[in-house]
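Spelled out from the first residue to the last, the chains are:
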Amino acid sequence: MNVLVTGGAGYVGSHCVRHLCDAAHDVVVLDNLCAGHRAAVDQRARFIEGDLANRTLVRSTLTDGAFDGIMHFAAHLDVGESVSQPLKYYENNVINTVRLLQEMERADIRRFVFSSTCATYGVPASVPITEDIPQSPINPYGHTKLAMEWAMRDCAEAWGLGACALRYFNASGAAEDGTIGEDHHPEPHLIPIVLQVALGQRENVKIFGVDYPTPDGTAVRDYIHMDDLARAHLLALDSQEPGTFRYYNVGTGTGTSVKEVIDAARRVTGHEIPAIPSPRRPGDPPELYADPTKIMTELGWKPKFTNIEPVIASAWKWHQAHPNGFADES
Ligand code: UFG
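Residues numbered from 1 in each chain as written. Predicted model: local features only at pLDDT ≥ 70, side-chain atom pairs only at ≥ 80, totals over all residues. Heavy atoms only, no water.

Novice: So what exactly am I meant to see when it comes to the pairing of strand 5 (residues 111–117) here?
Specialist: Note on strand geometry: in a regular strand, side chains alternate between the two faces of the sheet. The buried count for strand 5 comes to six of seven residues, which makes it a mostly enclosed element. Taken together, the three bridges between strand 4 (residues 69–72) and strand 5 define a ladder with parallel strand orientation. When the sheet's bridge partners are listed, Ile70 is paired in strand 5 with Phe112. With seven bridges joining them, strand 5 and strand 6 (residues 162–168) adopt parallel strand pairing. Following the sheet pairing, Phe112 is matched in strand 6 by Ala163. In this fold, the crossover linking strand 5 to strand 6 by way of helix 5 (residues 140–159) has right-handed handedness. (Buried < 20%, exposed > 50% of the residue type's maximum accessible area, 1.4 Å probe, protein only. Helix = DSSP H or I, 4+ residues; strand = E, 2+ residues; numbered from the N terminus. Pairing = 2+ DSSP bridges. Right-handed = clockwise from strand over helix to strand, strands pointing away.)

Quick look at the structure:
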(Lines give C-alpha, C1' and ligand atoms only; values in the text may rest on other atoms or scores of the structure.)
Protein backbone atom coordinates (compact mmCIF):
# COMPACT_ATOMS: atom_id res chain seq x y z
CA MET A 1 0.00 0.00 0.00
CA ASN A 2 0.95 3.66 -0.38
CA VAL A 3 0.82 5.04 3.14
CA LEU A 4 1.18 8.58 4.43
CA VAL A 5 2.42 8.80 8.02
CA THR A 6 1.94 12.15 9.71
CA GLY A 7 4.25 12.58 12.68
CA GLY A 8 6.39 9.75 11.35
CA ALA A 9 9.53 11.28 12.88
CA GLY A 10 8.12 11.00 16.40
CA TYR A 11 8.47 8.20 18.93
CA VAL A 12 5.56 5.94 17.99
CA GLY A 13 5.40 7.16 14.39
CA SER A 14 9.04 6.31 13.61
CA HIS A 15 8.66 2.76 14.89
CA CYS A 16 5.51 2.29 12.80
CA VAL A 17 7.29 3.67 9.72
CA ARG A 18 10.00 1.08 10.16
CA HIS A 19 7.44 -1.72 10.47
CA LEU A 20 5.59 -0.45 7.38
CA CYS A 21 8.83 -0.39 5.38
CA ASP A 22 9.72 -3.89 6.61
CA ALA A 23 6.32 -5.03 5.33
CA ALA A 24 7.16 -3.54 1.88
CA HIS A 25 4.66 -0.68 2.02
CA ASP A 26 5.57 2.57 0.24
CA VAL A 27 5.79 5.20 2.94
CA VAL A 28 5.77 8.98 2.90
CA VAL A 29 6.40 10.78 6.18
CA LEU A 30 5.03 14.26 6.81
CA ASP A 31 6.46 15.82 9.97
CA ASN A 32 7.23 19.40 11.02
CA LEU A 33 10.08 18.20 13.29
CA CYS A 34 8.78 20.29 16.19
CA ALA A 35 9.03 17.19 18.39
CA GLY A 36 10.18 14.53 15.94
CA HIS A 37 13.69 13.81 14.70
CA ARG A 38 14.78 13.56 11.07
CA ALA A 39 17.26 10.83 12.02
CA ALA A 40 14.42 8.69 13.38
CA VAL A 41 12.83 8.34 9.95
CA ASP A 42 13.63 5.11 8.14
CA GLN A 43 15.70 5.81 5.03
CA ARG A 44 13.35 3.72 2.92
CA ALA A 45 10.57 6.27 3.52
CA ARG A 46 10.24 9.56 1.63
CA PHE A 47 10.37 12.50 4.01
CA ILE A 48 8.48 15.77 3.67
CA GLU A 49 9.21 18.41 6.29
CA GLY A 50 5.99 20.32 6.75
CA ASP A 51 3.13 21.24 8.99
CA LEU A 52 -0.42 19.93 8.91
CA ALA A 53 -1.53 23.54 9.33
CA ASN A 54 -0.14 24.20 5.84
CA ARG A 55 -3.27 23.36 3.91
CA THR A 56 -1.71 23.86 0.49
CA LEU A 57 1.04 21.39 1.33
CA VAL A 58 -1.39 18.84 2.78
CA ARG A 59 -3.67 19.12 -0.26
CA SER A 60 -0.86 18.71 -2.78
CA THR A 61 0.69 15.85 -0.77
CA LEU A 62 -2.60 13.96 -0.70
CA THR A 63 -3.45 14.74 -4.31
CA ASP A 64 -0.03 13.69 -5.62
CA GLY A 65 0.52 10.71 -3.34
CA ALA A 66 -2.22 8.31 -4.48
CA PHE A 67 -2.33 7.07 -0.90
CA ASP A 68 -4.28 3.99 0.10
CA GLY A 69 -4.23 5.02 3.73
CA ILE A 70 -3.00 7.43 6.35
CA MET A 71 -1.57 6.81 9.81
CA HIS A 72 -1.96 9.96 11.84
CA PHE A 73 0.44 10.49 14.74
CA ALA A 74 1.14 14.23 14.49
CA ALA A 75 -0.17 15.68 17.76
CA HIS A 76 0.88 17.29 20.99
CA LEU A 77 0.98 14.75 23.81
CA ASP A 78 2.05 16.27 27.10
CA VAL A 79 -0.89 15.96 29.50
CA GLY A 80 0.43 18.61 31.92
CA GLU A 81 1.07 21.11 29.15
CA SER A 82 -2.41 20.50 27.77
CA VAL A 83 -3.84 21.71 31.07
CA SER A 84 -1.89 24.98 31.01
CA GLN A 85 -2.12 25.56 27.24
CA PRO A 86 -5.37 23.91 26.09
CA LEU A 87 -5.77 25.90 22.88
CA LYS A 88 -2.37 24.74 21.64
CA TYR A 89 -3.80 21.22 21.91
CA TYR A 90 -7.16 22.04 20.32
CA GLU A 91 -5.39 23.78 17.46
CA ASN A 92 -3.01 20.97 16.63
CA ASN A 93 -4.87 17.85 17.75
CA VAL A 94 -8.35 18.94 16.67
CA ILE A 95 -8.21 21.65 14.00
CA ASN A 96 -5.28 20.13 12.09
CA THR A 97 -6.84 16.66 12.27
CA VAL A 98 -10.18 17.98 11.00
CA ARG A 99 -8.37 19.64 8.10
CA LEU A 100 -6.57 16.39 7.35
CA LEU A 101 -9.89 14.52 7.31
CA GLN A 102 -11.34 17.17 4.98
CA GLU A 103 -8.46 16.69 2.58
CA MET A 104 -8.85 12.91 2.85
CA GLU A 105 -12.49 13.21 1.86
CA ARG A 106 -11.50 15.44 -1.05
CA ALA A 107 -8.82 12.99 -2.21
CA ASP A 108 -11.08 9.98 -1.50
CA ILE A 109 -8.68 8.29 0.90
CA ARG A 110 -10.65 6.01 3.18
CA ARG A 111 -8.18 4.19 5.39
CA PHE A 112 -7.26 6.06 8.55
CA VAL A 113 -5.41 4.78 11.62
CA PHE A 114 -5.48 7.22 14.49
CA SER A 115 -3.34 7.33 17.62
CA SER A 116 -5.80 7.65 20.43
CA THR A 117 -5.10 7.07 24.10
CA CYS A 118 -6.27 5.47 27.30
CA ALA A 119 -6.44 9.08 28.55
CA THR A 120 -9.87 9.19 26.86
CA TYR A 121 -11.17 7.01 29.71
CA GLY A 122 -10.20 9.46 32.46
CA VAL A 123 -10.30 7.76 35.85
CA PRO A 124 -11.98 4.42 35.17
CA ALA A 125 -14.38 2.99 37.72
CA SER A 126 -12.61 -0.37 37.45
CA VAL A 127 -9.65 -2.08 35.83
CA PRO A 128 -8.77 -3.75 33.51
CA ILE A 129 -10.24 -1.27 31.08
CA THR A 130 -12.48 -2.59 28.32
CA GLU A 131 -13.51 -0.47 25.35
CA ASP A 132 -17.13 -0.26 26.45
CA ILE A 133 -16.56 1.67 29.68
CA PRO A 134 -17.61 5.33 29.40
CA GLN A 135 -15.00 7.69 27.98
CA SER A 136 -14.67 10.62 30.33
CA PRO A 137 -11.29 12.31 29.93
CA ILE A 138 -9.97 14.51 32.73
CA ASN A 139 -7.58 16.74 30.78
CA PRO A 140 -7.54 18.70 27.49
CA TYR A 141 -5.20 16.18 25.87
CA GLY A 142 -7.79 13.44 26.42
CA HIS A 143 -10.61 15.76 25.31
CA THR A 144 -8.90 16.46 21.99
CA LYS A 145 -8.31 12.78 21.27
CA LEU A 146 -11.89 11.85 22.16
CA ALA A 147 -13.25 14.69 20.00
CA MET A 148 -11.37 13.20 17.04
CA GLU A 149 -12.78 9.75 17.74
CA TRP A 150 -16.24 11.34 17.45
CA ALA A 151 -15.26 13.07 14.20
CA MET A 152 -14.03 9.79 12.71
CA ARG A 153 -17.21 8.00 13.72
CA ASP A 154 -19.28 10.71 12.02
CA CYS A 155 -17.12 10.67 8.87
CA ALA A 156 -17.47 6.88 8.64
CA GLU A 157 -21.23 7.34 8.62
CA ALA A 158 -21.30 10.36 6.31
CA TRP A 159 -18.77 9.61 3.57
CA GLY A 160 -17.49 6.12 4.07
CA LEU A 161 -14.27 6.76 5.95
CA GLY A 162 -12.75 3.57 7.33
CA ALA A 163 -11.17 4.62 10.59
CA CYS A 164 -9.55 2.86 13.49
CA ALA A 165 -8.66 4.52 16.80
CA LEU A 166 -5.95 2.73 18.74
CA ARG A 167 -6.16 3.67 22.38
CA TYR A 168 -2.61 3.25 23.57
CA PHE A 169 -1.67 2.62 27.13
CA ASN A 170 1.96 3.54 28.03
CA ALA A 171 4.03 3.43 24.84
CA SER A 172 7.45 2.17 25.88
CA GLY A 173 10.70 0.56 24.83
CA ALA A 174 12.72 0.89 21.67
CA ALA A 175 13.51 -0.97 18.47
CA GLU A 176 15.39 -4.11 19.45
CA ASP A 177 18.49 -3.13 17.44
CA GLY A 178 18.73 0.01 19.58
CA THR A 179 18.75 2.41 16.61
CA ILE A 180 15.53 4.32 17.33
CA GLY A 181 13.92 5.09 20.66
CA GLU A 182 12.32 7.68 22.88
CA ASP A 183 13.67 11.25 22.88
CA HIS A 184 11.36 13.96 24.21
CA HIS A 185 12.39 17.44 25.36
CA PRO A 186 11.56 17.84 28.17
CA GLU A 187 11.14 14.15 28.99
CA PRO A 188 7.99 13.54 31.06
CA HIS A 189 7.91 9.73 30.94
CA LEU A 190 8.94 7.34 33.66
CA ILE A 191 11.10 4.76 31.87
CA PRO A 192 13.41 7.21 30.03
CA ILE A 193 13.74 9.28 33.22
CA VAL A 194 14.73 6.19 35.22
CA LEU A 195 17.29 5.25 32.56
CA GLN A 196 18.71 8.79 32.54
CA VAL A 197 19.33 8.30 36.26
CA ALA A 198 21.10 5.02 35.48
CA LEU A 199 23.25 6.87 32.94
CA GLY A 200 24.18 9.47 35.56
CA GLN A 201 22.35 12.26 33.70
CA ARG A 202 19.95 12.81 36.62
CA GLU A 203 20.61 12.30 40.30
CA ASN A 204 17.36 10.50 41.12
CA VAL A 205 13.84 9.74 40.03
CA LYS A 206 10.92 11.18 41.93
CA ILE A 207 8.13 8.70 42.63
CA PHE A 208 4.98 10.73 42.09
CA GLY A 209 2.71 9.37 44.80
CA VAL A 210 3.38 6.60 47.31
CA ASP A 211 -0.08 6.65 48.89
CA TYR A 212 -2.20 5.33 46.03
CA PRO A 213 -4.68 2.54 46.79
CA THR A 214 -2.46 0.04 44.98
CA PRO A 215 -0.48 -2.93 46.38
CA ASP A 216 2.76 -0.95 46.89
CA GLY A 217 1.21 2.53 47.05
CA THR A 218 2.59 3.68 43.68
CA ALA A 219 0.65 4.22 40.46
CA VAL A 220 0.06 1.30 38.13
CA ARG A 221 0.31 1.51 34.33
CA ASP A 222 0.35 -0.84 31.34
CA TYR A 223 3.67 -0.49 29.47
CA ILE A 224 3.25 -1.57 25.86
CA HIS A 225 6.34 -2.13 23.75
CA MET A 226 6.87 -0.21 20.53
CA ASP A 227 7.07 -3.31 18.36
CA ASP A 228 3.74 -4.60 19.69
CA LEU A 229 2.19 -1.17 19.22
CA ALA A 230 3.51 -0.93 15.66
CA ARG A 231 2.13 -4.36 14.79
CA ALA A 232 -1.28 -3.23 16.02
CA HIS A 233 -1.13 -0.31 13.58
CA LEU A 234 -0.32 -2.53 10.62
CA LEU A 235 -3.13 -4.93 11.48
CA ALA A 236 -5.52 -1.99 11.82
CA LEU A 237 -4.48 -0.65 8.43
CA ASP A 238 -4.75 -4.01 6.69
CA SER A 239 -8.19 -4.78 8.09
CA GLN A 240 -9.71 -1.36 7.43
CA GLU A 241 -13.16 -1.33 5.89
CA PRO A 242 -14.74 1.78 4.33
CA GLY A 243 -17.64 3.16 6.30
CA THR A 244 -16.65 1.64 9.62
CA PHE A 245 -15.23 3.21 12.76
CA ARG A 246 -13.42 0.78 15.05
CA TYR A 247 -11.55 1.27 18.29
CA TYR A 248 -9.23 -0.91 20.30
CA ASN A 249 -7.27 -0.77 23.51
CA VAL A 250 -3.60 -1.50 22.90
CA GLY A 251 -2.01 -2.67 26.12
CA THR A 252 -0.52 -5.87 27.51
CA GLY A 253 -3.28 -6.48 30.03
CA THR A 254 -0.76 -6.36 32.88
CA GLY A 255 -0.34 -3.50 35.33
CA THR A 256 3.13 -2.54 36.60
CA SER A 257 3.69 -0.09 39.45
CA VAL A 258 6.19 2.76 39.45
CA LYS A 259 8.22 0.92 42.09
CA GLU A 260 8.20 -2.25 39.99
CA VAL A 261 9.45 -0.27 36.98
CA ILE A 262 12.32 1.17 39.03
CA ASP A 263 13.22 -2.23 40.50
CA ALA A 264 13.21 -3.81 37.04
CA ALA A 265 15.42 -1.00 35.74
CA ARG A 266 17.87 -1.64 38.59
CA ARG A 267 18.08 -5.30 37.58
CA VAL A 268 18.44 -4.50 33.87
CA THR A 269 21.07 -1.76 34.25
CA GLY A 270 22.91 -2.90 37.37
CA HIS A 271 22.71 0.68 38.67
CA GLU A 272 21.33 1.76 42.00
CA ILE A 273 18.82 4.37 40.64
CA PRO A 274 17.98 6.45 43.73
CA ALA A 275 14.22 7.07 44.02
CA ILE A 276 12.64 9.80 46.12
CA PRO A 277 9.04 9.48 47.35
CA SER A 278 7.27 12.66 46.22
CA PRO A 279 3.76 14.10 46.08
CA ARG A 280 1.30 12.83 43.49
CA ARG A 281 1.43 14.47 40.06
CA PRO A 282 -1.87 16.30 39.43
CA GLY A 283 -4.19 14.47 37.08
CA ASP A 284 -2.59 11.02 37.43
CA PRO A 285 -5.13 8.21 37.84
CA PRO A 286 -4.05 5.52 40.34
CA GLU A 287 -4.36 2.50 38.10
CA LEU A 288 -4.67 2.08 34.32
CA TYR A 289 -4.28 -1.19 32.49
CA ALA A 290 -5.98 -2.60 29.47
CA ASP A 291 -8.19 -5.51 28.74
CA PRO A 292 -6.86 -6.14 25.20
CA THR A 293 -9.29 -8.98 24.41
CA LYS A 294 -11.06 -7.04 21.64
CA ILE A 295 -7.99 -6.41 19.48
CA MET A 296 -6.73 -9.93 20.14
CA THR A 297 -10.02 -11.46 19.06
CA GLU A 298 -10.88 -9.20 16.14
CA LEU A 299 -7.43 -8.48 14.65
CA GLY A 300 -5.45 -11.48 15.89
CA TRP A 301 -2.98 -9.19 17.69
CA LYS A 302 -0.99 -10.57 20.60
CA PRO A 303 1.69 -8.74 22.56
CA LYS A 304 5.16 -10.33 22.45
CA PHE A 305 6.40 -8.21 25.36
CA THR A 306 4.37 -9.17 28.42
CA ASN A 307 7.07 -8.58 31.01
CA ILE A 308 8.47 -5.18 31.94
CA GLU A 309 12.15 -6.24 31.98
CA PRO A 310 12.61 -6.85 28.23
CA VAL A 311 10.76 -3.60 27.56
CA ILE A 312 13.20 -1.71 29.77
CA ALA A 313 16.15 -3.67 28.34
CA SER A 314 15.26 -2.49 24.83
CA ALA A 315 15.01 1.11 26.02
CA TRP A 316 18.31 0.73 27.91
CA LYS A 317 20.06 -0.41 24.73
CA TRP A 318 18.81 2.73 22.96
CA HIS A 319 19.74 5.10 25.80
CA GLN A 320 23.21 3.61 26.21
CA ALA A 321 23.94 3.91 22.50
CA HIS A 322 22.37 7.41 22.29
CA PRO A 323 22.85 9.14 25.65
CA ASN A 324 21.88 12.43 24.04
CA GLY A 325 19.08 10.96 21.98
CA PHE A 326 18.96 11.81 18.29
CA ALA A 327 21.29 14.76 18.86
CA ASP A 328 24.08 12.14 18.62
CA GLU A 329 23.01 11.43 15.03
CA SER A 330 23.27 14.93 13.64
N1 UFG B 1 6.12 8.99 37.18
C2 UFG B 1 6.91 9.14 38.31
N3 UFG B 1 8.03 9.89 38.20
C4 UFG B 1 8.42 10.49 37.04
C5 UFG B 1 7.61 10.32 35.89
C6 UFG B 1 6.46 9.56 35.99
O7 UFG B 1 6.59 8.63 39.38
O8 UFG B 1 9.45 11.18 37.03
C9 UFG B 1 4.91 8.16 37.28
C10 UFG B 1 3.66 8.92 36.87
O11 UFG B 1 3.15 9.64 37.96
C12 UFG B 1 2.77 7.76 36.39
C13 UFG B 1 3.77 6.72 35.84
O14 UFG B 1 5.04 7.10 36.38
O15 UFG B 1 2.12 7.19 37.50
C16 UFG B 1 3.87 6.77 34.34
O17 UFG B 1 4.06 8.13 33.96
P18 UFG B 1 4.41 8.56 32.47
O19 UFG B 1 4.59 10.04 32.47
O20 UFG B 1 5.52 7.73 31.94
O21 UFG B 1 3.12 8.15 31.67
P22 UFG B 1 1.59 8.56 31.95
O23 UFG B 1 0.93 7.31 32.45
O24 UFG B 1 1.43 9.77 32.75
O25 UFG B 1 1.16 9.00 30.50
C26 UFG B 1 0.82 8.09 29.53
C27 UFG B 1 1.03 8.71 28.15
C28 UFG B 1 0.08 9.86 27.94
C29 UFG B 1 -1.31 9.40 28.22
C30 UFG B 1 -1.40 8.86 29.62
C31 UFG B 1 -2.76 8.37 29.98
O32 UFG B 1 2.34 9.16 28.02
O33 UFG B 1 0.17 10.30 26.60
O34 UFG B 1 -0.50 7.76 29.72
O35 UFG B 1 -2.90 8.41 31.38
F36 UFG B 1 -2.17 10.44 28.13
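Novice: What should I look at first to understand the site of the ligand in this one?
Specialist: Lining the immediate surroundings of the ligand are 21 residues, of which His189, Leu190, Lys206, Arg281 and Asp284 lie closest. Within the contact set of the ligand, an oxygen atom lies 2.8 Å away from a backbone nitrogen or oxygen of Phe208. One of the side-chain nitrogen or oxygen atoms of Arg281 is found 2.6 Å away from an oxygen atom of the ligand. Look at the ligand: alone it shows 680 Å² of surface, and the protein chains cover 91% of it. Among the secondary structure elements, those contributing two or more residues to the shell around the ligand are helix 6 (190–198) and strand 8 (205–208). (Near = heavy atom within 4 Å. Polar contact = N/O pair within 3.5 Å; in protein donor to acceptor, adjacent residues only side chain to side chain. Areas by Shrake-Rupley, 256 points an atom, 1.4 Å probe, with all protein chains shown as cover.)

Novice: What should I look at first to understand the nonpolar core in this one?
Specialist: Soluble, globular proteins show a tendency: their nonpolar side chains are buried together. Grouped together as the largest cluster of nonpolar side chains are 33 residues, with contacts concentrated most on Val5, Met71 and Leu166. Of all the elements, helix 7 (residues 226–238) adds the most residues to this core, at seven residues. Here this core spans two domains, since at least three of its residues come from each of domain 1 (2–172 + 224–250) and domain 2 (190–221 + 253–329). Setting aside residues no more than four positions away along its own chain, Val5 makes contact with Val17, Leu20, Val27, Val28, Val29, Leu30, Met71 and Phe73. With 27 residues, the next largest nonpolar core counts Phe114, Ala151, Met152 and Phe245 among its residues. (Core = buried A, V, L, I, M, F, W, Y, C linked by side-chain atoms within 4.5 Å. Domains from an automatic or database assignment. Contact = heavy atoms within 4.5 Å.)

Novice: Please clarify how helix 6 should be interpreted in this entry.
Specialist: Each full turn of the α-helix corresponds to 3.6 residues, which orients residues three or four apart in the same direction. Among the nine residues in helix 6, nine count as buried, and that is most of the element. Three or more residues of helix 6 are buried, namely Leu190, Ile191, Pro192, Ile193, Val194, Leu195, Gln196, Val197 and Ala198. On its buried face, helix 6 is in contact with strand 7 (170–172), strand 8, strand 10 (223–225), helix 8 (258–269) and helix 10 (308–321). Gly200 sits one or two positions beyond helix 6 and adopts a positive phi of about 85°.

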